[in-house]
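Architecture at a glance
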Amino acid sequence: MEMYYRSTRGGGDQVTASQAILKGLAEDGGLYVPVEIPKMEGKLEDYIGLSYQETAYRILKIFLTDYTEEELRHCINSAYDEKFDTEKIAPLVAKDDAYYLELFRGKTIAFKDMALSILPHLLTTAAKKNEMNDEIVILTATSGDTGKAALAGFADVPGTRIFVFYPKHGVSAIQEKQMVTQVGDNTCVVGTSGNFDDAQTGVKRLFSDPKLADDMAREGFRFSSANSINIGRLLPQVVYYVYAYAQLCESGALQCGEPMNVCVPTGNFGNILAAWYAAQIGVPMTKLICASNENKVLYDFFETGVYDRNRDFVLTTSPSMDILISSNLERLVYLSAGCDAQATAQRMKELAETGKYSITAEMKAFMSNFVGGFANEAQTAEEIAAVYEKTGYVIDTHTAVASRVYHDYKKRTGDATPTVIASTASPYKFSRAVLEALGKDTKGRDDFELVDELENISGVKIPRAVEEIRSAPILHKDVIDPADMDAYVRVRLTQ
Ligand SMILES: *Cc1c(COP(=O)(O)O)cnc(C)c1O
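This section reports on the structure supplied with the text. (Residues numbered from 1 in each chain as written. Predicted model: local features only at pLDDT ≥ 70, side-chain atom pairs only at ≥ 80, totals over all residues. Heavy atoms only, no water.)

Residues in contact with the ligand amount to 15 residues; listed here are only the nearest, K112, G267, N268, N271 and T424. At 3.1 Å, a backbone N or O of F269 approaches an oxygen atom of the ligand. Here a nitrogen atom of the ligand sits 2.8 Å away from a polar atom, N or O, in the side chain of T424. When the ligand is considered free in solution it has 390 Å² of accessible area, and contact with the protein chains removes 96% of it. Its residues assigned to classes, the shell around the ligand comprises five nonpolar, eight polar and two charged. (Near = heavy atom within 4 Å. Polar contact = N/O pair within 3.5 Å; in protein donor to acceptor, adjacent residues only side chain to side chain. Areas by Shrake-Rupley, 256 points an atom, 1.4 Å probe, with all protein chains shown as cover. Nonpolar A, V, L, I, M, F, W, Y, C, P; charged D, E, K, R; others polar.)

As structure tokens, this is what we get:
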């Protein structure tokens, strides 16, 4: 079956998978969704014992039907290789009454690596297929995690360049060190004055400047984004839910065919939406538990059917979930409205204008397998300590939000279905908050000293990603005013 994609807001024609990946966002501002949802091929049993790469091939081929087998295997093998520190790529670890799916074993020790290590290859392959010969220039503003994962994914990928702008005084010391030590002739990391919003606004201005796009097109460059609404980031995330299910069957935790639950620490709603797609293609799944931190817009949404971003933004110890507009939710809203693009466009307009929209009772019923939950800062810290005391396993702050929400859910409902918790970051990425949760004094102590202490406590070797940056030379030193981004990009591309 040939797959096509269309915008959640109805504008434009249906496009192929490679065209959707190249475009990122549809021209009407909507998100691309598959027109029909395919089914997994073969029986569930067939997936038991497959390598991650083979699982990825079998799942991606049913969505990305205009890629050849050779192209897909090339993308998969270029992404999921020794950049990951385990051959399993995404191991499922049983601890106490839960299963932690470790999605942080890649280059930047956060789950964004799962998608951002393959996106550059999907993109460059898409460019070739569509006879687009320009060099692809990725422009990204980052508050920390996405920037590094995008840099690691695009570094030295032929036919691409990447610019990452980060607020010079708005990221953690480790995050900055990770970025400014990035190797790769095609990478460019730039500090900007002001905060993340200033950097983000600056990048948006670059994207919406037709003169810059024209001038650079004449030089053979085409701008693109690595942002989480690209369907090329969503689909690779479906793979690891199939893989987790196969691991549960293989270990005997489930009989093949019995359902699992998943619990996902959620920000932009990409990761948990991928789990929902996994259920649609045939993975038996009962509940999708959507875990939020104190920015609990999604919890309120699943409770009331009203999405309302009008509230204070809370800075938490799980910063990658500090989000008030969960962009990927638009896809679920569209599907729940019976693929009514006009109604979706209207709701998104309301969101832009008033900060809120509501869904109908029917749409709410469509989403009834989602359960919202949240954990506040104290509960998150308690969970890190509780899991450690029980099992000796150290989890990061984001994973802890999900773990706590799962345990609360289980207590409340008595649901004993085996549950996969998406473990989205290594505790080493958030050493300070993790050690504080474990009752250690971190005041005035250097980040690398904390990393060493965490190694002693967890018994897990310091990941290469952290070890490498300790002594790595600083390769990117430019700091600019966001107002000068246009001139900066022109010079760097054409010099
Ligand atoms: C991005 C991120 C999340 C949130 O994932 P979404 O797909 O945006 O919901 C959770 N945890 C970590 C560590 C992340 O980097």
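So, about the sheet that holds strand 10 (residues 285-292). Here we have six strands laid out as an open sheet, ordered 3-4-14-9-10-13, and mixed in their pairing. The open sheet has two edge strands, strand 3 (92-95) and strand 13 (370-374), and neither has a second partner. The mean angle between the axes of side-by-side strands here comes to 25°, regardless of whether they run parallel or antiparallel. Across five bridges, the pairing between strand 10 and strand 13 is parallel. (Pairing = 2+ DSSP bridges. Helix = DSSP H or I, 4+ residues; strand = E, 2+ residues; numbered from the N terminus. Axes fitted to C-alpha atoms, helices over the stretch in contact; angles between N-to-C directions.)

Let's shift gears to the state of the cysteines. A disulfide bridge is the covalent bond that connects two cysteines by way of their sulfur atoms. In total, this model carries zero disulfides according to the counting rule given. Between C290, a free cysteine, and C263, which holds the nearest cysteine sulfur, the sulfur-to-sulfur gap is 8.6 Å. On the basis of relative accessible area, C290 is assigned to the buried category, the value being 0%. (Disulfide = S-S within 2.5 Å. Buried < 20%, exposed > 50% of the residue type's maximum accessible area, 1.4 Å probe, protein only.)

So, about the sheet that holds strand 8 (residues 221-224). Spatial strand order, 8-5-6-7-15: five strands in an open sheet with parallel pairing. Each end of this open sheet is capped by a strand with a single partner; those strands are strand 8 and strand 15 (479-480). Along the sheet, helix 6 (residues 145-154) contacts strand 5 (135-141), strand 6 (160-167) and strand 7 (187-192); its crossing angle with strand 6, the most-contacted strand, is approximately 165°. (Contact = heavy atoms within 4.5 Å.)

Time to look at the environment of R309. Inspection of the secondary structure assignment puts R309 in the loop between strand 11 (306-308) and helix 13 (329-336). Given a relative accessible area of 32%, R309 falls into the partly exposed group. The sequence separation of R309 and H74 amounts to 235 residues, and the corresponding C-alpha distance is 41 Å.

Looking now at the nonpolar core. The biggest cluster of nonpolar side chains holds 113 residues, and the ones touching the most others in it are Y5, L64 and F269. If one sorts the elements of this core by residue count, helix 10 (residues 231-251) sits on top with 14 residues. The next biggest cluster of nonpolar side chains, apart from the first, holds 37 residues, and it includes M321, A375, A402 and A437. (Core = buried A, V, L, I, M, F, W, Y, C linked by side-chain atoms within 4.5 Å.)

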